[in-house]
Amino acid sequence: TEVETVQVTRDGRRLTVDCRTPMIHTADHGLLLLQSNRDITARKQTEEVVRQLNQELRAAHAQAANLARFPEENPDPVLRIAADGRIFYCNPAVIQLPEWAPGADDRAPQQVATLTRRALQDGEVLHDKINLGEKIYGVTVAPFPEEGVVHVFAHDMTAGYLAELALHESRTNLSHAQAVAHV
């Protein structure tokens, strides 16, 4: 038989021991038991460390997979662009917007490529507005100079911009009407 057990030494240390006791039948129909014990404490401790590390690795992997979903689930354009304007990554929102979709050469729109170069050159996060197609986008460009790439996050702000224009026009019309009324 073979069992793992914990034994306490004379000095009080607890050891995990692999205990083997084979039964040997003798010629005179007797039975001999030969017991051997092997200290496997270090192995068991190592196995426990490996088990814990594997558990932490699985948790980290699950967290990374969860975080990696953020760009995929974002309804706004998210891109990773090289210094030369090549798109390394774009989320599904980019593909749905013709004005953002990469061309046949996998390049970002010219205005975005220009911001990419500027952000990498300055080494600072840029916030800007760009016109693509008939829409106005607020764009944040985060550079990673050591990798030679930027992350681009955009948001369609056309409706807000048009509302501001309408408000400005209304104020101008009101001022004009007030000026005429006082004449």
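A brief structural summary. In this text, all values refer to a predicted model and were calculated from it rather than measured experimentally. (Residues numbered from 1 in each chain as written. Predicted model: local features only at pLDDT ≥ 70, side-chain atom pairs only at ≥ 80, totals over all residues. Heavy atoms only, no water.)

With 21 residues, the main nonpolar core has W100, V139 and V152 as its most contacted residues. Residue assignment for this core shows that the elements contributing at least two residues are β6 (78–82), β7 (87–90), α3 (110–122), β8 (126–132), β9 (135–144) and β10 (149–156). Excluding its chain neighbours within four sequence positions, the residues that come into contact with V139 are W100, L115, L126, H127, D128, I130, V152, F153 and A154. (Core = buried A, V, L, I, M, F, W, Y, C linked by side-chain atoms within 4.5 Å. Buried < 20%, exposed > 50% of the residue type's maximum accessible area, 1.4 Å probe, protein only. Helix = DSSP H or I, 4+ residues; strand = E, 2+ residues; numbered from the N terminus. Contact = heavy atoms within 4.5 Å.)

Now for α3. With 13 residues, α3 should reach 18 Å at 1.5 Å per residue; the first-to-last C-alpha distance of 18 Å fits that figure. Burial in α3 covers these residues: V112, A113, L115, T116, A119 and L120. Viewed end-on, α3 has its buried residues packed into an arc of 160°, placing them on one side of the element. Turned more than 90 degrees from where α3 packs its buried face, Q110 and Q121 sit exposed. Structurally, α3 contributes buried residues whose contacts are with β6, β8, β9 and β10. Residue G123 follows α3 closely and has a positive phi angle near 70°. (Expected span 1.5 Å × (residues − 1). Arc of directions from axis to C-beta.)

For the rest of this paragraph, the subject is the packing of aromatic side chains. Applying the stated rule across the entire model yields one aromatic pair. Geometrically, the ring pair formed by W100 and Y137 is edge-to-face, given 5.2 Å between the ring centres and 90° between the ring planes. Note that W100 is positioned in the loop between α2 (92–96) and α3 and Y137 in strand β9, a separation of 37 residues in sequence. For W100, a relative accessible area of 0% puts it in the buried group. (Phe/Tyr/Trp six-rings, centres within 6.5 Å; stacked < 30°, edge-to-face > 60°.)

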